[in-house]
Amino acid sequence: MVRPVEYARRSFLHRRLAEHGAVFAEVAGAAVADHYGGVDGEAVGAAQLALADLSPLPRIGFKGRNALNWMISQGVRGLQTDNAVDVQYDGVRAARLAPSEGLVLCDLEAKSGTVARLAEAWSLESAPLCFLVPRADSHYWFAVTGTRAAEMFAKVCGVDLRPDRFAVGSVAQTSVARNNAIIIRRDMGHTLAYDILGDSASADYMWRCLLDAMAEFGGKPAGLSALRRLAAE
Amino acid sequence: MSAAPYRLPPHPGERIDRDKPVAFSFEGRTYEGLAGDTVASALAAHGVKILSRSFKYRRPRGVLTMAGQDANTLIQLGDAPNVPADTLAIAQGLEVAGQNYSGSLARDWGSWIGHFGRFLPVGFYYKAFFRPKGAWRFWEPVVRGRAGLGRVDVKAHHRYYDKAYAWHDVAVIGGGPAGMAAALEAARAGADVLLVEENPYLGGSLAYARADAEGELALRRLTQLSGAVRGAGVRVMTGAMCQGVFGENWLSVIQGDRMHKVRAKEVVLATGSVEQPAIFRNNDLPGIMQGSAAQRLIRLYGVRPGKRAIVVTANSDGYGVALDLLDAGVEVAALLDLRAAPPSCARSEAARQRGVRVVPRYAPWEGVIGKDGTVSGLRIARVVGHGRCDAPDETIDCDLICMSIGYAPSAQLLHHAGGKAAYDKASATFTIRGVPPHMAVAGSMDGAYEIEAAMTDGRRAGWDAVTRLGKTADEPPMASKGGAGWNHPWPVFPHPEGKDFVDFDEDLQVSDIRNAIAEGYDHIELLKRYSTAGMGPSQGRHTALTLARLAAEATGRDIEIVGATTVRPPVSGEKFGHLAGRGFEPVRLTAMHHRHVELGAQMMPAGLWLRPAYYATPDKRAEAIRAEAAAVREGVGIIDVSTLGGFDVRGPDAAELLNRLYTFNYKNQPVGRARYALMCDQTGAIIDDGVAARFHDQHFYVTATTGGADRVYQSMLWWNAQWRLDVDVTSLTAAYAGVNIAGPRARDALAKLCKDVDLSANAFPYMGVRLGTVAGIPARLLRVGFVGELGYELHVPASQGEALWDALLYAGREFDIRPFGVEAQRLLRMEKGHIIVGQDTDGETHPYMADMGWAIAKKKPFFIGMRAIAAQMQRPLPRKLVGFALTNPLDPVPEECHLVVRDGAIVGRVTSAAYSDSLRRIIGLAFVAPDQTEPGSRFTIKIGEKKLIEAEVVKLPFYDPDGKRQEM
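Keep in mind that this is a model prediction, so the values were computed, not measured. (Residues numbered from 1 in each chain as written. Chains lettered and ligands numbered in written order. Predicted model: local features only at pLDDT ≥ 70, side-chain atom pairs only at ≥ 80, totals over all residues. Heavy atoms only, no water.)

## Here's the deal with the overall build of chain A
Broken down by element type, chain A carries 8 helices and 13 strands. Seen along its three principal axes, the alpha-carbon backbone of chain A occupies a region of about 50 × 40 × 35 Å. Each of the 233 residues in chain A was classed as buried or not, and the buried ones make up 63%. In chain A, the proportion of contacts linking residues at least 24 apart, taken out of those at least 6 apart, comes to 65%. Positive and negative side-chain charges in chain A, numbering 25 and 26 respectively, have mean positions lying 2 Å apart. (Helix = DSSP H or I, 4+ residues; strand = E, 2+ residues; numbered from the N terminus. Buried < 20%, exposed > 50% of the residue type's maximum accessible area, 1.4 Å probe, protein only. Contact = heavy atoms within 4.5 Å. Lys, Arg positive; Asp, Glu negative; His and termini not counted. Charge placed at Lys NZ, Arg CZ, Asp CG, Glu CD.)

## A closer look at the overall build of chain B
The number of helices and strands found in chain B is 24 helices and 48 strands. Referenced to the eigenvectors of the C-alpha coordinate spread, the extents of chain B come out at roughly 115 × 70 × 60 Å. Per-residue burial over chain B gives 61% buried out of 968 residues. For chain B, the proportion of contacts with a sequence separation of at least 24, taken over those separated by at least 6, is 66%. Summed over all atoms, the accessible surface of chain B reaches about 38,500 Å², with 52% contributed by carbon and sulfur. Taking the 112 positively charged and 107 negatively charged side chains of chain B as two groups, their mean positions are separated by 2 Å. (Areas by Shrake-Rupley, 256 points an atom, 1.4 Å probe, with all protein chains shown as cover.)

## Here we look at the pattern of salt bridges
Evaluated as defined, the whole model comprises 80 salt bridges over all chains. For D842(B), the salt bridge identified is with R879(B), shortest N-O distance 2.8 Å. Remark: R879(B) occurs in the loop between α23 (866–872) and β43 (880–886) and D842(B) occurs in the loop between α22 (822–831) and α23; sequence separation between them is 37 residues. Using a relative accessible area of 25% as the deciding quantity, one classes D842(B) as partly exposed. The network of salt bridges with shared partners includes D160(A), R162(A), D164(A), R165(A), D169(B), D192(B) and K265(B). (Salt bridge = Lys/Arg side-chain N within 4 Å of Asp/Glu carboxyl O.)

## A look at the packing of helix α6 (residues 291–301) of chain B against helix α7 (residues 316–327) of chain B
All names here are of chain B. Two numbers describe how α6 lies on α7: the axes approach to 10 Å, and their chain directions differ by 35°. In the crossing of α6 with α7, the sense of the turn from one axis to the other is left-handed. Seen from α6, the contacting residues are G291, A294, Q295, I298 and R299; seen from α7, they are G320, V321, D324 and L325. A breakdown of the residues in the contact of α6 with α7 according to their chemical character gives 4 nonpolar, 3 polar and 2 charged. (Axes fitted to C-alpha atoms, helices over the stretch in contact; angles between N-to-C directions. Left-handed = near helix turned anticlockwise from the far one by under 90°. Nonpolar A, V, L, I, M, F, W, Y, C, P; charged D, E, K, R; others polar.)

## A look at helix α12 (residues 524–531) of chain B
Residues and elements named next belong to chain B. The element α12 is extensively covered by neighbouring structure, given that 6 of its 8 residues are classed as buried. Among all positions in α12, only I524, E525, L527, K528, Y530 and S531 are buried. Against α2 (124–128), β29 (508–509), α11 (510–518), α13 (544–555) and α14 (559–562) lie the buried residues of α12. T532 sits one or two positions beyond α12 and adopts a positive phi of about 65°.

## A look at empty space enclosed by the protein
Summary: where empty space remains is shown by rolling a probe the size of a single water molecule over the atoms. All chains considered together, the criterion is met by 9 cavities of 30 Å³ or more. What the second largest cavity holds in volume is close to 260 Å³. Grouping the amino acids of the lining of the second largest cavity by side-chain chemistry returns 10 nonpolar, 8 polar and 4 charged. (1 Å grid on protein atoms, 1.4 Å probe; cavity = no way out; pocket = protein on both sides within 12 Å on 5 of 7 lines; lining within 4 Å. Points joined across faces, edges and corners; volume = space filled by probe spheres on them.)

## Quick notes on unusual backbone geometry
Residue and element names in this part refer to chain B. Here the bond from P569 into P570 is cis, since omega is 0°, no more than 30 degrees from zero. Position of P570 among the secondary structure elements: in the loop between α14 and α15 (576–580). Between L956 and P957 the backbone carries a cis peptide bond, its omega angle lying at -5°. Turning to its location among the elements, P957 is positioned in the loop between β48 (947–954) and α24 (964–967). At M66, a residue that is not glycine, the phi angle is positive and equals roughly 55°. Judged by its relative accessible area of 3%, M66 falls in the buried class.

As structure tokens, this is what we get:
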């Protein structure tokens, strides 16, 4: 049995996940909530509404006047439009948050080496005026999935995230339940889904807020396996 | 429970479920209603007419509108007062009661006050109870005890309310014929449409009014429109009240326990109109209601509103009411038409054909009070002029009087948005005169009273909205509008003995209004404020029109000039719970938070963070703090400092930015070294402190206080934007967890986990900084200390903070390592003489005042606050921060802000104080007069009201003055 405390890198809310009955699996050198008892049921539930913790998965950011140019020089595609995401050849997604800021999120399988490669390549000397931002530590990373997701978000966020108004790949840098957050539309297979990233110290608070907002729609925690199943559909 | 004698047989369009009986209680007695009933309709089915008592005179009151628009039906629901019985749905086991009475609702012994009404004019208590001085203290509870509506449970539990946002192209407010037509038109043009209806069903007047002689048209149109609306993809919110329109079409819509914050590009207001009461003596008796209220009882709830009725009207709708009453089996004793020569229409002809006695040019003169306090008859009188009648010449027995004498537009939301309505003589009511951009009005509020006209008007409004959105659709025709013939210009028949109520909420009679004007309150706004007309729960719906008429008459001004009073949100009563919504109270937790809790820490708030104060139960607080401090002084302790602000300042101009932001010099700071960082604002006041660790020529890692982190970050970004330096500032406050390991054994403990950094004093001296790993975790090591002992601040990625904590505690076991909290840290830092910004400084404390001139680089050309500090130093210091110790060890520990006094004058204050085990005396920091700062000087501290204690100035730091312990 995988236990989060056996790893140096831990989810910001691994205890909370354990309280929900999470069964953990090792992914990218950390323990990720893989499921909460039954992947089949979770996948069905996640198609309606679910919340998943992806915080242990790799991600990285860069900012600075030369940040996007350097990322492109490292093979990152896209980054042409603010608040938009470009999917890379290996499933990694790169978001341009501003003309001087980019964010890279690994794929659900966490098999791509892009994030690690970028981290390895970066230094103050090799990337002048491009500065690494440790997004894996500064920000939690949750996924909200399901057809009721936009309705749920309407209870905590003032941005219209309905699927016909907020296209796949769109990014909103906004406030969620009085916390700054980055919301990215990233459907999984045919299922509506969003990434939400925010202050890692507020991970527990935000997790509770979102679950509370989901309650009226029957939303529950889901594990990474359920999300992977949705993505494969 | 008895059968409901007034329940009618089933009929199309009713909103009740005959197969679902529901038992509830009112005033302790159990009644049976039907699912879909309101409390008022269910009680009406049992013949219960008295629902409440009035505000001032305790007069019995009953159904007036059946629309939740008045105070007459306000009842007590558990701990919730003032719940409208005519809209509150019954539920199994529901317990409700009347309110504002003494004794029983039927026989209120407090109603005697009504006999003294002539001695209680408007504003009587303003004039009566202010003398002699202090009298109001006696009278206030008496007056307040008698006034008011309902009972508030101040200990009621907070219920779960929340809020939700919504976004739509077009929001249509009002689900009547015009609103549905507007929504349909907009949706068919491709707009995303929201339709908001306050009732639990769509239809508005279509659901209850009789628009034709046969009584079929309204229901037919309702079926057609509501089906089409739902089929067109319109989002329909029923049971939803739009309480206000704010800037840029921001609408607050209350539905259940949720406030919807709706943003609409275009808004169509189709909120209808409010039927107005006739003003005559005893017009407030239970059994006297609007014609539309009687129709609602009949058509929506299947309730016969009485047995023998009189209809008072001035338009065709009154004839429709009479026809509905007849269909419901009510005897219509007479129909008084205020008009001298009522025009003929299909409904009036049908009424006449069915034998209704139509009495033109007659007015209600006085309602007759029955034994049970409800109406038992009506004295009628011939109208001979403007509000004047002959002596009454007939009394007609009845138990129901229906008033249908005209309407006023329900234009509150339009007013909120800045729209205008003004009196129009032709239509004898208020009409819409100005509509704000991106808004349209439709239906009866726009003067389109007929069903077909309202629908056409709605279509046009919907088309206008989508056209402004850039969508194309076929242009519908203009509606044929015009309100003439619907409203009587003066349905006011004052009675010499009064009780001719203009405002039911506040028990205001015609004479009250006239007297207020005579006293000089002759502007409509002043009149409203002084008389309180329109300030009750009805919010002037049934008052504003009459008020304007009376004001015009009394002042001799044209009624179109008199105008109407200002209308403000909310449209109807709303709860504080709705406004508050769900409380979002962000809490930030460090990576080690749960470890602290597991160790028994008492957590304390620090901004949004929670920090361990000390590790013990509260009853062992003092011992715990002493033990934690001792562990640091004698062995090794660790404290979670993750809440400190942390910023990466990187780029070619990194040193330049810091040089301008902080008081020290950072340009010449070597890589691998840290420097104290003191930040002032432009007035020279200290606002934060921390350290700046240089890891690279272009990279500083700067810390800030927990409480000041956001301000420092904001300041860095703002000034960087101003100065356009080539530097980037990244906040790492949450990204990095921090642990300070301190004490004589700190190096030994750390050495067990850190193999790639030479920790020896020579290789890694005090104020040195290194990059390395601790327990395999990449770490920034800063040899700094707040507590005055050998110590290292270890900053690691937050996701690995807990692992670092675990590893340090494990490695330190052989050295009896002990976690220490904020309380112990505050004591230890004070022993060392370190200030806490915000506690030992205030908004006027500049560095010299805090005895920190050493932290200012004298040779650099600029830093923020430099000029202000220099200017202040041209004058003598008004006070200075010093260390002190109490001279008498038996004196109590002074508290923060205890005053430093001299000859009765305040010269300073204590900022920090505590008993130091290490020094075995009470020490502290205090602002004192400039001539009291020399070590050995003595000054006086005032403890509480009278006690004075003596303190002696001590050179800082108290502990380890040579710094040998922290530099070892």
